[in-house]
Amino acid sequence: MDDPKTLVSTEWLAKHLKDPDLRILDASWYMPAMNRDPRAEYEAAHIPGARFFDIDEISDARSDLPHMAPPVEKFMSRMRAMGVGDGHQVVVYDGTGVFSAARVWWTFKLMGKDDVAVLDGGLPKWQSEGREIEDLPPMVRDRHMTVQRRAHLVRDVTQVSAASKLKDHEIIDARSKARFRGEVPEPRAGLRSGHIPGSKNVPFDTLLNANGTMKAPGELKAVFEAAGVDLSKPAITTCGSGVTAAILSLALERIGKVDHSLYDGSWSEWGQFPTLPVATTED
């Protein structure tokens, strides 16, 4: 099931680890309550040759919302400084399994890059198999990168509001059922509880196996269908701040669905505006 455009196994990465045009990115990112420092963990132990991709820094600094997609110029300059560019096969992993790496996979797709995959099971699976790690900084050489932003892969609040009213898209929310139903407070202060009217709830962890790997495509499809998602409609993925929504996007890509986009502002944006409607019961 290895696919260098979506998801690759630890076996695949181990086999290709020495490929000259392979670039590995550690995209670990954690919620504040997890009390983990992704950069410190990267510096202590990472897959050989991996560069650290800072989701919060490689973002749109002009926005008040957390880690919004970076402007094209900023993405290009950061990738060039990291030695990632045209002609490279990129593999992204994180310290959870399949979590924040999917957000970076989506960011590369947004920038017109297809040769990028998430490492299935991430660093935990790699380490559990006794595979090589190091604490050395990688040797970096500048590499030119050509970017062609695909605007259709991202949605803003106006577009999502229209989709909610017209019901011409499936809006799929990756947050937990309790957050979706408004039964618990949001982890970010000042946000209302609930969900976008008409959206469907597919908690991101329901797409994963117990060992942190992603379920097989047939199982993924069944999870979406069980949640009432009409896969014949174009999809918009959303979550708390646009990170776990990308896990849904990756899963949709794995089942062959390509007409999907991601609501970058997600609940961090929707939940703060009193003029936007909020639902707490499932349709």
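Residues numbered from 1 in each chain as written. Predicted model: local features only at pLDDT ≥ 70, side-chain atom pairs only at ≥ 80, totals over all residues. Heavy atoms only, no water.

**What about the side chain of Thr244?**
For clarity, the threshold we go by: Numbering of helices and strands starts at the N terminus; helices are DSSP runs of H or I of at least 4 residues and strands are runs of E of at least 2. Categorising residues by exposure relies on relative accessible area from a 1.4 Å probe, with only protein chains included: less than 20% of the type maximum marks a residue as buried, more than 50% marks it as exposed, and the intermediate range marks it as partly exposed. Should any heavy atoms of two residues lie within 4.5 Å, those residues are considered in contact.
With respect to the element layout, Thr244 can be found in the loop between strand 9 (235-238) and helix 9 (245-254). Classification of Thr244 by relative accessible area gives buried; the value is 11%. The contact partners of Thr244, leaving out residues within four places of it in the chain, are Phe99, Ala174, Phe204 and Cys239.

**Topic: the pairing of strand 4 (residues 89-93)**
Rules: Pairing between two strands is assigned when DSSP locates at least 2 bridges connecting them.
The element strand 4 is largely enclosed, with a buried count of 5 among its 5 residues. Along strand 4, one buried face is formed by Gln89, Val91 and Tyr93 and the opposite face, lined by Val90 and Val92, is buried too. Summarising the sheet, strand 2 (residues 22-26) and strand 4 pair through 5 bridges and their orientation is parallel. Among the inter-strand pairings, Leu25 is bridged to a residue of strand 4, identified as Val92. With 3 bridges connecting them, strand 4 and strand 5 (residues 116-119) associate as parallel partners.

**With respect to unusual backbone geometry**
Across the chain, the bulk of peptide bonds are trans and the bulk of non-glycine residues have phi less than zero. Even without being glycine, Asn35 reaches a positive phi, approximately 50°. Not every positive phi belongs to a glycine, and His67 is a case in point at roughly 35°. Mapped onto the secondary structure, His67 falls in the loop between strand 3 (51-52) and helix 3 (72-81). Overall, His67 belongs to the buried group, its relative accessible area being 5%.

**Points about empty space enclosed by the protein**
Put simply, the rule reads: Lining residues are defined by having an atom within 4 Å of a point belonging to a cavity or pocket. Those points lie on a 1 Å grid over the protein atoms alone, cavities being sets where a 1.4 Å probe fits but cannot get out and pockets being open sets with protein on both sides within 12 Å along at least five of seven lines. Grid points are joined across faces, edges and corners, and a volume is the space filled by probe spheres set on the points. Amino acids outside the nonpolar list (Ala, Val, Leu, Ile, Met, Phe, Trp, Tyr, Cys, Pro) and the charged list (Asp, Glu, Lys, Arg) are all regarded as polar, and Gly is one of them.
Evaluation of the coordinates by the stated rule reveals 1 cavity of 30 Å³ or more. If you go around the largest cavity, the residues you meet are Phe53, Ile55, Ile58, Ser59, His67, Met68, Ala69, Pro70, Arg103, Val104 and Thr107. For the lining of the largest cavity, a count of residues per class yields 7 nonpolar, 3 polar and 1 charged.

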